[in-house]
Amino acid sequence: MSEYITALEREIDSKFRLTGAECLECGTINYPFVRVGSSEKIVCRSCGKRSDFKPKKLSRRGKIYSFIVVKVAPMGFENEVPYAIAVVELDDGVRVIARLTDVTPNPEVIKVGMRVRAVFRKLREIKNGEIEYGFKFKPEEE
Amino acid sequence: MKIGIRAYGAYVPRLRIKRSEIAKSWKSAAPPGENAVPGMDEDVITMAVEASENALAHGDLDGEVIDAIYLASTSTPYESKQSSITIAEVLGCKKEIRTMDVKGSFRSSTQAFFSAMDFIEAGKSSNCLVVASDSPNAAPGSSMELNFGAGAAAFIVSENELISEIIERYSFSTEFQDTWRKSDERYMKDLEDPRLQSLYGYQRTIPEAVNGLLKRMGVGTENFDGFAVGEEDRGMLRSLKKILKIKKDLPSIFQSVGNAGSASVFLSLANLFDDAKPGEKILVASYGSGSGSDVFALVTTPEIDKKRERLKRVSDYINKAEYIEYTEYLRLKKVLWR
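Below, the structure is looked at part by part.

Conventions and cut-offs
- Residues numbered from 1 in each chain as written.
- Chains lettered and ligands numbered in written order.
- Predicted model: local features only at pLDDT ≥ 70, side-chain atom pairs only at ≥ 80, totals over all residues.
- Heavy atoms only, no water.
- Helix = DSSP H or I, 4+ residues; strand = E, 2+ residues; numbered from the N terminus.
- Buried < 20%, exposed > 50% of the residue type's maximum accessible area, 1.4 Å probe, protein only.
- Contact = heavy atoms within 4.5 Å.
- Polar contact = N/O pair within 3.5 Å; in protein donor to acceptor, adjacent residues only side chain to side chain.
- Phe/Tyr/Trp six-rings, centres within 6.5 Å; stacked < 30°, edge-to-face > 60°.
- 1 Å grid on protein atoms, 1.4 Å probe; cavity = no way out; pocket = protein on both sides within 12 Å on 5 of 7 lines; lining within 4 Å.
- Points joined across faces, edges and corners; volume = space filled by probe spheres on them.
- Nonpolar A, V, L, I, M, F, W, Y, C, P; charged D, E, K, R; others polar.
- Expected span 1.5 Å × (residues − 1).
- Buried area = accessible area lost by both parts, 1.4 Å probe.
- Salt bridge = Lys/Arg side-chain N within 4 Å of Asp/Glu carboxyl O.
- Axes fitted to C-alpha atoms, helices over the stretch in contact; angles between N-to-C directions.
- Parallel < 35°, antiparallel > 145°, perpendicular 65-115°, else oblique.
- Left-handed = near helix turned anticlockwise from the far one by under 90°.
- Pairing = 2+ DSSP bridges.

Let's talk about the environment of D101(B)
All names here are of chain B.
Then comes step 1: With respect to the secondary-structure elements, D101 resides in strand 5 (residues 98-102).
Then comes step 2: Given a relative accessible area of 18%, D101 falls into the buried group.
Then comes step 3: A C-alpha to C-alpha distance of 27 Å links D101 and D274, two positions 173 residues apart in sequence.
Then comes step 4: The residues touching D101, leaving out its near neighbours within four places in the chain, are L71, T76, K81, Q82, S83 and S84.
Then comes step 5: A distance of 2.5 Å separates a polar atom in the side chain of D101 from a polar atom in the side chain of S84.

This is the structure in structure tokens:
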């Protein structure tokens, strides 16, 4: 089967709008989240129940909780090394994993606790020419 | 019924290349100034999203209030597949929205703007987002390569809470081809005769349009406090000042951003708005090969001061620059691969 990355309706909230799903069973905010089929339910990653949810727009700002610098990239990203991937703790407490951008990918520059903000960028382009978009984080301007 | 601009936002990529850096590689004369370059993960859509988000933030608005999105560009990532829909989804617009990619000319931005005005005038909409985002491509070593930059600017056209009202508009079109790109080609081309191009291109078309507007309004250029022009090259402002007998200094976006295609005229207007006081009259003129020009006159309102605290200025972006070398530039333009 050939690869495709078309953003499907059921995951577009997470990919395009940085929106999480608040589980109505246990209150955990799931990010990213995918609707079960075409239903209005998710499988909560915390309580494991197939539950109803409330969409929750996440904060666009946060700080770096942890990060790594990738020097040997997986297939499709060879042209981009070195680059940094971070766990970002958003101001509302939710942690997300995302690429860092507009910053020198060097531990001398990137620091744990550094303030960042979400920006909509190209994530990758696959062989058939489709472009995948989503969120990355860049250092917040003073 | 007053129609005008409710809010605006801009975006200029962080990466810059000095024109002297390009000229050095080709052993040609080095012109002053620099051009903005989209990063590896940027394109027309991502630049348009950031400019549009800034516009919504400036107006303290939610994506749901937008009834139509017009994306003006000559370099959308897809030739077929609408890019404005991606922008609508990211901004969280409603599904019942009119989306349109307006392409094929550097004046597509002002034409999209006029269409948005018509849409509101017809009573079909109350808030339209018009965003111009462009990163035109020139062949390595060509003279256009020294001029092309990138950027985006967005305006929310509306009837409510206007920071500026449109007074009058005018369009002029006549057959003349100075720059072009055929649909199966990657790079823009020109006549390779800058004097002929400017003489029969913008030096004729823009004054025709401006004079048509001024005649309709019964005023002269001395009645205006600011002029926003889609700059294409270094001599454009100087020659237009002379032809149109403009006394005022015209700030240049071209010097620090380059020719950002259809976004140039919007960036220039956004830059004027950043410092405009209420009651200022501004004349806006675009130019596109083909050729034609759209002009409109507007006046700023007291609302422009009230909204300024939520504003992200064009100069905020211009002042944040990271300079790259020519080989890195070619890599970002997908001429070289590593």
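A word on the packing of aromatic side chains
Then comes step 1: Counted according to the given criterion, the structure contains 19 aromatic pairs over all chains.
Then comes step 2: Judged by centre distance (5.7 Å) and plane angle (10 degrees), the rings of F120(A) and Y133(A) are stacked. Of this pair, F120(A) sits in strand 8 (residues 115-125) while Y133(A) sits in strand 9 (residues 131-139), and the two are 13 residues apart along the sequence.
Then comes step 3: Relative to F266(B), the ring of F113(B) lies with its centre 6.2 Å away and its plane at 75 degrees, an arrangement referred to as edge-to-face.

Observations concerning empty space enclosed by the protein
Residues and elements named next belong to chain B.
Then comes step 1: Counted under the stated rule, the structure contains four cavities of 30 Å³ or more.
Then comes step 2: Space inside the largest cavity adds up to approximately 70 Å³.
Then comes step 3: When contributions to the lining of the largest cavity are tallied by element, the ones reaching two or more residues are helix 6 (202-217), strand 11 (226-229) and strand 12 (281-285).
Then comes step 4: Here the lining of the largest cavity is composed, by residue class, of twelve nonpolar, no polar and no charged.
Then comes step 5: The calculated volume of the second largest cavity comes to roughly 40 Å³.
Then comes step 6: In this structure, the second largest cavity is lined by N137, A138, P140, E145, Y187, Y329, L330, K333 and V335.
Then comes step 7: Each residue belonging to the lining of the second largest cavity can be placed in one class, and the counts come to six nonpolar, one polar and two charged.

Looking at helix 4 (residues 108-121) of chain B
Residues and elements named next belong to chain B.
Then comes step 1: For helix 4, spanning 14 residues, the distance from its first C-alpha to its last is 20 Å, which sits close to the expected 20 Å at 1.5 Å a residue.
Then comes step 2: Within helix 4, ten of the 14 residues are buried, leaving the element largely enclosed by the surrounding structure.
Then comes step 3: When helix 4 is considered as a whole, its buried residues turn out to be S108, S109, T110, A112, F113, F114, A116, M117, F119 and I120.
Then comes step 4: Two residues or fewer after helix 4 comes G123, characterised by a positive phi angle close to 80 degrees.

With respect to the interface of chain B and chain A
Then comes step 1: Every contact between the two is made by 25 residues of chain B and, on the other side, 24 residues of chain A.
Then comes step 2: Buried area between chain B and chain A, summed over both chains or domains, comes out near 2,200 Å², and the portion from carbon and sulfur atoms is 43%.
Then comes step 3: Between R17(A) and E89(B) there is a salt bridge, with its nearest N and O atoms 2.7 Å apart.
Then comes step 4: Secondary-structure elements contributing two or more residues to the side of chain B that touches chain A are helix 2 (44-58) and helix 3 (84-91) of chain B.
Then comes step 5: In terms of residues, the side of chain B that touches chain A owes the most to one element, helix 2 of chain B, which gives five residues.
Then comes step 6: Among the residues forming the side of chain B that touches chain A, the class breakdown is nine nonpolar, three polar and 13 charged.

Focus on the packing of helix 6 of chain B against helix 7 (residues 236-243) of chain B
Residue and element names in this part refer to chain B.
Then comes step 1: Contact pair helix 6 / helix 7: the axes reach a minimum separation of 10 Å and the direction vectors enclose 50 degrees. Taken together, helix 6 and helix 7 sit at an angle that is classed as oblique. Seen from above, helix 6 lies across helix 7 with right-handed handedness. Facing helix 6, whose interface residues are Y202, Q203, I206 and P207, helix 7 presents M236, S239, L240 and I243.

Some details on the pairing of strand 1 (residues 19-23) of chain A
All names here are of chain A.
Then comes step 1: Most of strand 1 is tucked away: four of the five residues are buried.
Then comes step 2: As defined by bridge partners, strand 1 adjoins strand 4 (residues 50-57) across five bridges and the pair is classed as antiparallel. Note that in strand 4 the partner of C23 across the bridge is F53.
Then comes step 3: When strand 1 meets strand 2 (residues 29-30), the two strands line up antiparallel, connected through two bridges. Bridge pairing links E22 to I29 in strand 2.
Then comes step 4: The antiparallel hairpin formed by strand 1 and strand 2 contains five residues in its connecting segment, where G27 sits at a positive phi of about 90 degrees.

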